[in-house]
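An overview of the molecular structure
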Amino acid sequence: MQITKSAGGIVVNKKSQVLVVNQNNNSWSLPKGHIEIGETPLMAAKREIFEESGIQQLTFISYLGAYVRFRIGLGKPEDKTQKKKIHMFLFSTEEMKLSPKDPLNPEARWVDKEKVTELLTHEKDKEFYLKWLDAEVE
């Protein structure tokens, strides 16, 4: 089985909304993607957020940890040929305008914190987000 490493983030704007991105016109997730050779997970997270949303001005807040999940499968729940280890970071931004640069991620939107899980496609992404949200609320 192939294991890949990815990085991304929970990005919060000044209205306390969270960035969610559309991938391949068929799934929604928090912005993230593969860590390229020579990149740290933090560098990859910032690059992926820019590519998937157009946001450049990110303020790093904290490392949120990592989780493992299978790749989203087209037409089936999961693609079990590829496992992903995803490093996640928390960022804030003053930028509100979203303009994705990556054609495979055609749409980005700001979503109220409480409604993010309604949009996220993968169960493990929802679980990770809810853990963060619960900690944020306490």
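What you see is a predicted model; the values in this text were computed from it and never measured.

**A closer look at the packing of aromatic side chains**
With the rule as written, the count across this model stands at six aromatic pairs. Each ring, one from Phe60 and one from Phe89, has its centre 6.2 Å from the other, and the planes form 55 degrees; the classification is tilted. One end of the pair, Phe60, is in strand 5 (residues 59-73); the other, Phe89, is in strand 6 (residues 76-92), and 29 residues separate them in sequence. Look at Phe89 and you get buried, because its relative accessible area is 6%. Each ring, one from Phe60 and one from Phe91, has its centre 6.3 Å from the other, and the planes form 70 degrees; the classification is edge-to-face. Highlighted residues: Phe60 in strand 5 and Phe91 in strand 6, separated in sequence by 31 residues.

**With respect to the pattern of salt bridges**
Summed over all chains, the structure comprises nine salt bridges. Across the salt bridge formed by Asp125 and Lys32, the nearest N and O atoms sit 3.4 Å from each other. Remark: Lys32 occurs in strand 4 (residues 32-34) and Asp125 occurs in helix 3 (residues 123-137); sequence separation between them is 93 residues. Shared partners join several salt bridges into a network, and the residues in it are Glu36, Glu39, Arg47, Glu48 and Glu51.

**Some remarks on the confidence of the model for the protein chain**
The share of residues in the protein chain with pLDDT of 70 or more is 93%, and the mean pLDDT across the chain is 91. Within the protein chain, the lowest mean pLDDT, 84, falls on strand 6, and the highest, 98, falls on helix 1 (residues 41-53).

**Side note on helix 1**
Between the first and last C-alpha of helix 1 there are 18 Å, a value that for 13 residues agrees with the 18 Å anticipated at 1.5 Å per step. Among all positions in helix 1, only Ala44, Ala45, Arg47, Glu48, Ile49, Glu52 and Ser53 are buried. Phi for Gly54, located one or two positions after helix 1, is positive at around 85 degrees.

Rules and cut-offs
Residues numbered from 1 in each chain as written. Predicted model: local features only at pLDDT ≥ 70, side-chain atom pairs only at ≥ 80, totals over all residues. Heavy atoms only, no water. Phe/Tyr/Trp six-rings, centres within 6.5 Å; stacked < 30°, edge-to-face > 60°. Helix = DSSP H or I, 4+ residues; strand = E, 2+ residues; numbered from the N terminus. Buried < 20%, exposed > 50% of the residue type's maximum accessible area, 1.4 Å probe, protein only. Salt bridge = Lys/Arg side-chain N within 4 Å of Asp/Glu carboxyl O. pLDDT = per-residue confidence, 0-100. Expected span 1.5 Å × (residues − 1).

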